[in-house]
Amino acid sequence: MQKTSFLIVFFLTASLNCFAQLKYEKESRLKVDQVPKNALQFVESLEPTKKVKWYFEENLSGNSIEAKFDKNEFMYSVEFDSLGNLEDIEILKPWEAIDVHTRNAIETYLKKQFNKYKIRKVQFQLTGKPKDLAQVVKANLYYSDIPYTLKYELIVKGNKNKDISLYELLFDDEGENLKLSKILLRNTDNLEY
Amino acid sequence: MGSLPAINLNSDLGNGYRLNFKWESRQIIESVSEADANRVNFVLSDFSAIVSKKVDLRSSIAGGYLIRFEGDAVIHRTIQQFALVRRLTGIRIGHRFASDQTFGKKEDFSFRLRYRLTGEFPLSGQEVDNKEFYLKVNNEYLNAFERNSYDFEIRLVPSMGYLFTDKNKLEAGLDYRIDSFVNGTAVSNLWLAISWYIKL
């Protein structure tokens, strides 16, 4: 019984496993001495209040370097290309930190998209010249004349046609939707059974 | 001491329903209990099928059936469970609340209430990526009721996992179980657990 059942299950799983698809995305910790100097200097200029953690991310669209740290109770994520050139800054913020006019526009969009929704996470996404972005971040001048681009990235739990899923949405500074994508959650079978 | 090889096959059935099919074998190599001394190399096999329904983003209710072949005996078990998975920065936490009822021709009816807490920790980066190792720790508490008797069992399973892809992972670790300490002398068992999780 033991042998037969083992063989049946083994061959069944081995044959099905051949169809498994490979999704290439890998994140690993980086030591400070492996980080390009310009990236290191830029992050230091933002005056992080807690230890900076560096990550190297490999994916199909290219490699990048990411610094994560806390500053004034908010979590910062600064992304660079592999040479240390700044790509963007993302800052975890409360929903109320978004300008009222933009918030209303985003809410109108969400009400149209989902039967029911809950905002799980809000991030300010800043792109522009490193000097300008450093000025915005250090002095909290999100709504000023400094030339830079501000977008809002939201993670929303949405109920749509009886399906509950997690979505990533991107809005411009006027609350206009730029992107909506469903987040594929990691498999949880090994935590449930 | 014994081994617990297991294979978990999981499949989406659509509309939030999923099917879990599990095969698990148990082989005792050595036991610390004198009563079990004659059961060295005894083998049993479990086959179970559980259908679950997603009730929220990360929680599900499930029900299923298990059949156990233990020597000449065939034992049946019905299973009900509620599972919830939380994702925190750098860690995934799983809660499982379950009940099961065991019965068979040579088996007294027994009922169990169980709770299991699981933590999954990446060993590189903030989450477990493909081709990476991770640490998983299970801690389960089981209340078993049989006729007029009651027993309480605790399980601790630290294991090391390897994620080939999100649909294919292998875990190996030690499964430590202790019971009978409520009304008598504690009996402990140590198993070498190897589980293979495959999503179809």
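Report follows, based on the coordinates.

### Examining the overall build of chain A
When helices and strands are counted, chain A shows 5 helices and 9 strands. Each helix and strand of chain A, ordered N terminal to C terminal, gives the series α-β-α-β-β-β-β-α-β-α-β-β-β-α. For chain A, the proportion of its 193 residues judged to be buried stands at 42%. Intrachain contacts of chain A at a sequence separation of at least 6 include 48% that bridge at least 24 residues. When the accessible surface of chain A is totalled, it reaches about 11,300 Å², and 52% of it is carbon and sulfur.

### Considerations on a negative patch on the surface
Negative charge collects at one region of the surface, where Asp99(A), Asp173(A), Glu174(A) and Glu176(A) lie side by side. Mapped onto the fold, Asp173(A) is located in the loop between β8 (163-171) and β9 (177-183).

### Some thoughts on the interface of chain B and chain A
Listed by partner, the interface residues are 53 residues for chain B and 35 residues for chain A. Inspection of the region where chain B meets chain A yields 4 salt bridges. Here chain B and chain A share 16 residue pairs in polar contact (both at pLDDT 80 or more) between them. Ranked by the residues each element gives to the side of chain B that touches chain A, the list is headed by strand β3 (residues 43-56) of chain B, at 9 residues. Across the side of chain B that touches chain A, the residue classes break down as 19 nonpolar, 16 polar and 18 charged.

### Quick word on the sheet that holds strand β5 (residues 73-88) of chain B
Two strands in a sheet stick together by hydrogen bonds in their backbones, pointing the same way (parallel) or opposite ways (antiparallel). Residue and element names in this part refer to chain B. Taken together, the 11 strands give a closed barrel; going around it, the order is β1-β2-β3-β4-β5-β6-β7-β8-β9-β10-β11, and neighbouring strands pair in mixed fashion. Each neighbouring strand pair of the sheet contributes to a mean axis angle of 20 degrees, computed without reference to strand direction. Of the strand pairs in this sheet, strand β9 (residues 149-165) and strand β10 (residues 168-179) are connected by 9 bridges, and their pairing is antiparallel. Along β10, the bridge assignment pairs Met160 with Ala172.

### Notes on helix α2 (residues 37-45) of chain A
All names here are of chain A. Looking only at α2, the buried set comprises Ala39, Leu40, Phe42 and Val43. An end-on view of α2 places all buried positions within 165 degrees of arc, on one side of the element. Counted as exposed and oriented over 90 degrees from the buried face of α2: Lys37, Gln41 and Glu44. Here the buried face of α2 lies against β2 (53-59), β3 (62-71), β4 (74-81), β5 (86-93) and α4 (130-139). Looking one or two residues beyond α2, the residue adopting positive phi is Glu47, at roughly 55 degrees.

Rules used in this analysis
Residues numbered from 1 in each chain as written. Chains lettered and ligands numbered in written order. Predicted model: local features only at pLDDT ≥ 70, side-chain atom pairs only at ≥ 80, totals over all residues. Heavy atoms only, no water. Helix = DSSP H or I, 4+ residues; strand = E, 2+ residues; numbered from the N terminus. Buried < 20%, exposed > 50% of the residue type's maximum accessible area, 1.4 Å probe, protein only. Contact = heavy atoms within 4.5 Å. Areas by Shrake-Rupley, 256 points an atom, 1.4 Å probe, with all protein chains shown as cover. Patch = residues over 30% accessible without salt bridge, like charges linked within 9 Å, V, L, I, M, F, W, Y side chains within 5 Å. Salt bridge = Lys/Arg side-chain N within 4 Å of Asp/Glu carboxyl O. Lys, Arg positive; Asp, Glu negative; His and termini not counted. Charge placed at Lys NZ, Arg CZ, Asp CG, Glu CD. Polar contact = N/O pair within 3.5 Å; in protein donor to acceptor, adjacent residues only side chain to side chain. Nonpolar A, V, L, I, M, F, W, Y, C, P; charged D, E, K, R; others polar. Pairing = 2+ DSSP bridges. Axes fitted to C-alpha atoms, helices over the stretch in contact; angles between N-to-C directions. Arc of directions from axis to C-beta.

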